[in-house]
Amino acid sequence: MQTDTIDTQPYNDQNPGTSGLRKKVRTFQQVGYLENFVQSIFDSLENYSGKTLVLGGDGRYFNREAIQTIIKMAAANGFGELIIGQGGLLSTPAASHVIRKYQAFGGLILSASHNPGGPDEDFGIKYNVGNGGPAPEKYTQSFYRRSQSITSYKIARFDDVDLDTLGSQQAGELKITILDPVADYADLMQSIFDFSLLKQTIGSGFITLLFDAMHAITGPYAKRILVDMLGASPESVINATPLEDFGGHHPDPNLAHARELAERMFGPEAPVFGAASDGDGDRNMITGSNIFVTPSDSLAIMAANAHLIPGYAKGIAGVARSMPTSQAVDRVAAHYKIPCYETPTGWKFFGNLLDAGRITLCGEESFGTGSDHVREKDGLWAVLFWLNLIARRRQSVADIVHEHWQKFGRDIYCRHDYEAVETSIADGIVEYLRAQLPALPGQSFGEYTVKYADEFRYEDPVDGSISQNQGIRIGFENGSRIVYRLSGTGTVGATLRIYLEKFEPDAAKHHQDAQEALAELIGLAEHFGEVKKRTGRAGPDVTT
Ligand code: G16
């Protein structure tokens, strides 16, 4: 096998964000851009010679091309085996499982998640470590450092590899195994959930369902599991063919982007259950006939009902949520006397807690929920969890949610996103907020008295690592909160997120519209942050 060492110049913008490096496709297509970042990852890792790397992506534009480059670089850098999903496809949770199952050294996942795809849209790459989870910050920081001084990369010379035929092939000393991207993952799901109960409940017509794969990676997974294994009708999985540009849509599972699903779930003759997943299959949106379940509520409901699912029948060790996620799950944890951890945004922060056995379930307001079965959030797992719950409780989604609120109270919640804000304006808002923090505690604004105002800092209880500046929090005596953060996943300007939350114990007030119930807090958020004023916008671009 002939290997070339190619001279290169560093790019100064290869700093991974919340979840890997995400940029426009055209940025990745610059000479040496992808190669520099991949070589920076390999240069930062140690002792991988002869070991196995998992490789796959969400099938977006540039996926196949990038995979061919990475195969040749992995060969030149001395990996022993590559395990690649057929067609270059692997959902993020399936990649996590494959890394764990085959005890790989790590994996490269090619995805920009819920961001749109196509020649003018987004691409991304992230490295997952041997536990199957996203590389922790100490890794991503060293990838970035290395990318700033890189002078060459290594690449082997051989023909492009056939990604579509299952089985093993040899390229020089490198063994390349193309595997069915769905099979191992489907087996894992079968080991957690009660497939015979689900089959019976779907077969009897008690559960009717609609799953929107958004022309992204979960199509083949949903077809195999929901249709072939559980007997749902083929029409219950829509937009099931993965497309390089996701059909021109945002593969982002929310009511705005999963429009067909939303129309049917809130229309006459809505199915009992509806859900969607994102570009790479790790996010989920849960709905029932005429009801949308917020991701924060979904996590709390899962935690409260986990004992009904075979895989968690022995109980859960603890739970975790990202800081901006509502405190609904905290109430469940307090009730069942299990630990509850608050982490910064980013799935990578759950890894140590899961590995140490401190938590079993975790989730985020950004449509992510998961458990210790893999080290990523997992869209179809969440779907199967809810289906199993509906089948066990023989209740509608709305009844399950409303009973939960009655028992624990409702954390009324919403998030306002201001997208593609000029970076200097977004930074100005953060500075302005930061300057107010010391004087806020004790001040009253109508019925809201500030209890604490700070910038979230996290000390990992397992390895002691510290993460600073993880979002601005203003908490009130009555448990309400306003949180401000700059997103780490956008590719244009800055995205400012405002998270709003209010606890409502009174069941008579549980059925209010969230925007109305939060109106006063929304006004306060503007008072503190001057976001509309400073951006010159009439309101948020996206409300979830
Ligand atoms: C990623 C991370 C999540 C995070 C989300 C939003 O999700 O894995 O942990 O909550 O981004 O992050 P931000 O608020 O910084 O944009 P995904 O599905 O995009 O990989």
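Residues numbered from 1 in each chain as written. Predicted model: local features only at pLDDT ≥ 70, side-chain atom pairs only at ≥ 80, totals over all residues. Heavy atoms only, no water.

Overview of the overall build of the chain
Line of reasoning, step 1. Broken down by element type, the chain carries 18 helices and 27 strands.
Line of reasoning, step 2. Against the compact-globule benchmark of 24 Å for 544 residues, the chain has a radius of gyration of 23 Å, which places it among compact chains.
Line of reasoning, step 3. Dimensions along the principal axes, computed over C-alpha positions, put the chain at roughly 70 × 60 × 40 Å.
Line of reasoning, step 4. Per-residue burial over the chain gives 60% buried out of 544 residues.
Line of reasoning, step 5. Considering only contacts in the chain between residues 6 or more positions apart, those separated by 24 or more positions represent 72%.
Line of reasoning, step 6. Looking at the chain as shown, the accessible area adds up to about 20,200 Å², and 46% of this sits on carbon and sulfur atoms.
Line of reasoning, step 7. Positive and negative charge centroids in the chain, built from 50 and 67 side chains respectively, lie 4 Å apart. (Helix = DSSP H or I, 4+ residues; strand = E, 2+ residues; numbered from the N terminus. Rg over C-alpha atoms; globule rule 2.2 N^0.38 Å. Buried < 20%, exposed > 50% of the residue type's maximum accessible area, 1.4 Å probe, protein only. Contact = heavy atoms within 4.5 Å. Areas by Shrake-Rupley, 256 points an atom, 1.4 Å probe, with all protein chains shown as cover. Lys, Arg positive; Asp, Glu negative; His and termini not counted. Charge placed at Lys NZ, Arg CZ, Asp CG, Glu CD.)

Things to note about the pattern of salt bridges
Note on pairing: side chains with opposite charge can pair once their charged atoms come close.
Line of reasoning, step 1. Within the structure shown, the criterion is met by 31 salt bridges.
Line of reasoning, step 2. The salt bridge partner of Glu431 is Arg434, with a shortest N-O separation of 2.6 Å. Of the two residues, Glu431 and Arg434 are both situated in helix H15 (residues 423-436); the distance of three residues between them amounts to about one turn of the helix.
Line of reasoning, step 3. Judged by relative accessible area, which is 29%, Arg434 ranks as partly exposed.
Line of reasoning, step 4. Overlapping salt bridges, with partners in common, bring together Arg321, Asp330, Glu342, Asp454, Arg473, Arg481 and Glu501 in one network. (Salt bridge = Lys/Arg side-chain N within 4 Å of Asp/Glu carboxyl O.)

So, the sheet that holds strand E11 (residues 237-238)
Line of reasoning, step 1. Overall, mixed pairing links the five strands, which are arranged E11-E10-E12-E13-E14 in an open sheet. In the strand order of this sheet, the two ends are held by E11 and strand E14 (291-293), each with one partner.
Line of reasoning, step 2. As paired strands, strand E10 (residues 209-212) and E11 are joined by two bridges and run parallel to one another. Bridging from a neighbouring strand, Asp212 pairs with Ile238 of E11. (Pairing = 2+ DSSP bridges.)

A word on helix H11 (residues 328-336)
Line of reasoning, step 1. Within the span of H11, buried status applies to Ala328, Val329, Val332 and Ala333. Each buried residue of H11 lies within a common arc of 135° when the element is viewed along its axis, so the set occupies one face.
Line of reasoning, step 2. Contacts made by the buried residues of H11 are with helix H10 (295-305), strand E15 (319-322), strand E16 (340-343), helix H14 (397-408) and strand E19 (410-421).
Line of reasoning, step 3. Just past H11, the residue Lys337 takes up positive phi, approximately 55°. (Arc of directions from axis to C-beta.)

Description of the side chain of Glu376
Line of reasoning, step 1. Mapped onto the secondary structure, Glu376 falls in the loop between strand E18 (368-371) and helix H13 (379-393).
Line of reasoning, step 2. Here the side chain of Glu376 touches Lys126 through a polar contact of 2.6 Å, side chain to side chain.
Line of reasoning, step 3. A distance of 2.7 Å separates the side chain of Glu376 from the side chain of Asn128, its partner in a polar contact.
Line of reasoning, step 4. Leaving out residues up to four positions away in the same chain, Glu376 has contacts with Thr92, Pro93, Ser96, Ile109, Lys126, Asn128, Gly132, Pro134, Asp282 and Trp347. (Polar contact = N/O pair within 3.5 Å; in protein donor to acceptor, adjacent residues only side chain to side chain.)

Focus on the side chain of Lys377
Line of reasoning, step 1. Mapped onto the secondary structure, Lys377 falls in the loop between E18 and H13.
Line of reasoning, step 2. Of the residues examined, Lys377 reaches a relative accessible area of 10% and is grouped as buried.
Line of reasoning, step 3. Those residues in contact with Lys377 that sit more than four places away from it in its chain are Pro93, Asp282, Arg283, Trp347, Glu364, Gly368, Thr369 and Gly370.

Quick look at the domain arrangement of the chain
Line of reasoning, step 1. Split by domain assignment, the chain resolves into domain 1 (2-180), domain 2 (185-408) and domain 3 (410-543).
Line of reasoning, step 2. When each unit is reduced to the centre of its C-alpha atoms, the spacing between domain 2 and domain 3 is 26 Å.
Line of reasoning, step 3. Taken over both partners, the interface formed by domain 2 and domain 3 buries close to 2,200 Å², and the fraction arising from carbon and sulfur atoms is 56%.
Line of reasoning, step 4. Contact with domain 3 buries area across many residues of domain 2, yet Met323, Asn352 and Trp405 alone supply 27% of it, more than any other trio.
Line of reasoning, step 5. Inspection of the domain 2/domain 3 interface yields four salt bridges.
Line of reasoning, step 6. Here Arg481 ties to Glu342 by a salt bridge, and the two come within 3.3 Å at their closest N and O atoms.
Line of reasoning, step 7. Contributing elements (two or more residues each) for the side of domain 2 that touches domain 3: H10, H11, E16, helix H12 (351-355) and H14.
Line of reasoning, step 8. Top contributing element to the side of domain 2 that touches domain 3 by residue count: H14, with four residues. (Domains from an automatic or database assignment. Buried area = accessible area lost by both parts, 1.4 Å probe.)

Topic: the site of the ligand
Line of reasoning, step 1. Of all residues adjacent to the ligand, which total 19 residues, the nearest are Thr18, Glu364, Gly488, Thr489 and Arg497.
Line of reasoning, step 2. Measuring from an oxygen atom of the ligand, one finds a side-chain N or O atom of Ser19 at 3.5 Å.
Line of reasoning, step 3. Interatomic distance of 3.1 Å between a side-chain N/O atom of His114 and an oxygen atom of the ligand.
Line of reasoning, step 4. For the ligand, the accessible surface in isolation is 460 Å², of which the surrounding protein chains cover 99%.
Line of reasoning, step 5. Along the lines of polarity and charge, the residues of the shell around the ligand split into one nonpolar, ten polar and eight charged. (Near = heavy atom within 4 Å. Nonpolar A, V, L, I, M, F, W, Y, C, P; charged D, E, K, R; others polar.)

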